[in-house]
Amino acid sequence: MQLVRQKDQMMAKGAHRSRRTLGAVLAVAALASAATACSGSAEPERGAPAPAPAAAAGQQAPAAGALGAYVERVRAQRAARVLAAKKWGLAKPPLEAPAPPAVKPRITTRKGFETDGEGLPPVFTTVPTKQKVVFLTIDDGAEKDPRLLTMMKELRIPYSAFLSDYVIKDDYGYFAKMQKSQESGVSLHNHTLHHRYLPALSYGEQKHEICGMQDVIEKRFGKRPPLFRPPYGNYNEDTLRAAKGCGVKAVPLWAAEAFPDHMEWREWDRDLHPGDIVLTHFRGKEDWKGSMPDMIRRVMNVITSKGYAVAKLEDYV
């Protein structure tokens, strides 16, 4: 009888611990619901990280305090993004991108963009993915608006820069700040030394333009870039051979182009598609109808209204 009583007492204590664990998990779930409500939308942000699930049978659930802190951090990030969207005049806060794939998709040259050469860096306008994401890229480096760095950081919008030395050499420091302006970093890539029309150049001249810019970016910003975009999107087989010899792994072009007052489209349906690369430029009011923040406002309103998030290109390529 004494053994039976001891067993009953142990079962009662176990049930009490289970009720306490369940209560902690339910409390965290309530915090998560509150965080979603604070995002300014009736639905949670698509792709936003979610609290870890309850522990499997026989395992201890995570501490409620740690999960509560995580949920509070997510809630604060969402609230800050809502405020930033209002500050910068966006119609809606940008959607948060889903987690990148564990394995990067296999990139191949787009049909119609091939050369006769084999084993050359792929040329593409869209990354193969089913996720509703697009990629924002900015070319050359002529305009150096400090408000762009602030805007992109506050809105937490990832982007990639393709730089030409002849327009960035007067202020390498601006792009060094850009590189470190976001928690995950802004990647700086190759757009040649002088932005020349490459098919008109010899193989040796093209290699100088491409390898020379690889050297500049490595010297000034610490890393030899794996991506290269030819000026005007024009190239030939010599371009790709030279790029490969300079350490380039891929040649992303674009499916759409953004301006402060309109969008231009490559595809027949004049629309965005999963994995599309969006091009824009470092330009100011002297060159187009608006500033760089005006351009970001325009393109983000289009991207968000179509239900897309901006993801980081280097997470997929």
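Provided above is the structure to which this section pertains.
Here we take up the overall build of the protein. Broken down by element type, the protein carries 8 helices and 9 strands. When each of the 317 residues of the protein is scored for burial, the buried share is 46%.

For strand β2 (residues 133-140), the tally of buried residues reaches 8 of 8 residues, placing the bulk of the element in the interior. The sheet contact formed by β2 and strand β9 (residues 309-311) spans 3 bridges and is parallel. Paired with valine 133 across the two strands is alanine 309, which belongs to β9. Here 5 bridges tie β2 to strand β8 (residues 277-281), and the two strands are oriented parallel to one another. Bridging from a neighbouring strand, leucine 136 pairs with valine 278 of β8. Where β2 and strand β3 (residues 160-163) come together, 4 bridges link them in parallel fashion. The partner of aspartate 139 across the bridge, within β3, is phenylalanine 162.

A separate point is the nonpolar core. Ranked by size, the top nonpolar core spans 47 residues in total, and within it Leu148, Leu163, Phe175, Met178, Phe282 and Ile296 carry the most contacts. Top element by residues in this core is helix α8 (residues 292-305). It accounts for 7 residues. Excluding its chain neighbours within four sequence positions, the residues that come into contact with phenylalanine 282 are Ile138, Asp139, Asp140, Gly141, Ala142, Glu143, Leu148, Ala161, Leu163, Phe175, Met178 and Met292. Within the second largest apolar cluster, 30 residues are counted, among which are Phe124, Leu227, Leu313 and Tyr316.

We now examine the packing of aromatic side chains. Throughout the structure, instances matching the rule amount to 5 aromatic pairs. Seen from their ring centres, tyrosine 172 and phenylalanine 221 are 6.3 Å apart, and the 70° between their planes marks the pair as edge-to-face. Of this pair, tyrosine 172 sits in helix α5 (residues 172-179) while phenylalanine 221 sits in helix α6 (residues 203-221); the two residues are 49 residues apart in sequence, bridging distant segments of the chain. Look at tyrosine 172 and you get buried, because its relative accessible area is 16%. Considering the side-chain rings of phenylalanine 175 and phenylalanine 282, the 5.7 Å spacing of their centres and the 85° angle between planes classify their relative orientation as edge-to-face. Of this pair, phenylalanine 175 sits in helix α5 while phenylalanine 282 sits in the loop between β8 and α8, and the two are 107 residues apart along the sequence. Accessibility assignment for this pair places phenylalanine 175 and phenylalanine 282 in one class, buried. Taken together, the aromatic side chains of Tyr174, Phe175 and Phe282 make up a single cluster linked through ring pairs. Here the basic side chain of lysine 132 rests over the ring of tyrosine 308, its NZ or CZ set 5.0 Å away from the ring centre. Over the ring of tyrosine 203 we find arginine 241, and its NZ or CZ is 4.4 Å from the ring centre.

It is worth spelling out helix α3 (residues 146-155) at this point. Every buried residue of α3 is listed here: Leu148, Leu149, Met151, Met152 and Leu155. Each buried residue of α3 sits inside an arc of 165° when the element is viewed along its axis, so together they form one side. What points out from α3, more than 90 degrees from its buried face, is the exposed set Pro146 and Lys153. Just past α3, the residue arginine 156 takes up positive phi, approximately 55°.

What follows covers the state of the cysteines. A full pass over the atoms with the stated rule returns 1 disulfide. Between the sulfur atoms of cysteine 211 and its disulfide partner cysteine 246 the distance amounts to 1.8 Å. Disulfide cysteine 211 to cysteine 246: torsion about the S-S bond roughly -95°, handedness left-handed. Of the two residues, cysteine 211 sits in helix α6 while cysteine 246 sits in the loop between α7 (237-245) and β5 (251-252), which places them 35 residues apart along the sequence. With respect to class, cysteine 211 is no different from cysteine 246; both count as buried.

Here the focus is the pattern of salt bridges. In the structure shown here, the tally under the stated rule is 12 salt bridges. Between aspartate 140 and arginine 283 there is a salt bridge, and its shortest N-O distance comes to 2.6 Å. Of this pair, aspartate 140 sits in strand β2 while arginine 283 sits in the loop between β8 and α8, and the two are 143 residues apart along the sequence. Owing to a relative accessible area of 2%, aspartate 140 belongs among the buried residues under this scheme. Among the residues examined, arginine 283 registers a relative accessible area of 24% and is labelled partly exposed. Here aspartate 215 makes a salt bridge to arginine 224, at a shortest N to O gap of 2.9 Å. On the basis of relative accessible area, aspartate 215 is assigned to the partly exposed category, the value being 42%. Salt bridges here are not isolated pairs; linked through shared partners, they connect Asp215, Glu218 and Arg224.

What counts as what
- Residues numbered from 1 in each chain as written.
- Predicted model: local features only at pLDDT ≥ 70, side-chain atom pairs only at ≥ 80, totals over all residues.
- Heavy atoms only, no water.
- Helix = DSSP H or I, 4+ residues; strand = E, 2+ residues; numbered from the N terminus.
- Buried < 20%, exposed > 50% of the residue type's maximum accessible area, 1.4 Å probe, protein only.
- Pairing = 2+ DSSP bridges.
- Core = buried A, V, L, I, M, F, W, Y, C linked by side-chain atoms within 4.5 Å.
- Contact = heavy atoms within 4.5 Å.
- Phe/Tyr/Trp six-rings, centres within 6.5 Å; stacked < 30°, edge-to-face > 60°.
- Lys NZ or Arg CZ within 6 Å of the ring centre and 35° of its normal.
- Arc of directions from axis to C-beta.
- Disulfide = S-S within 2.5 Å.
- Salt bridge = Lys/Arg side-chain N within 4 Å of Asp/Glu carboxyl O.

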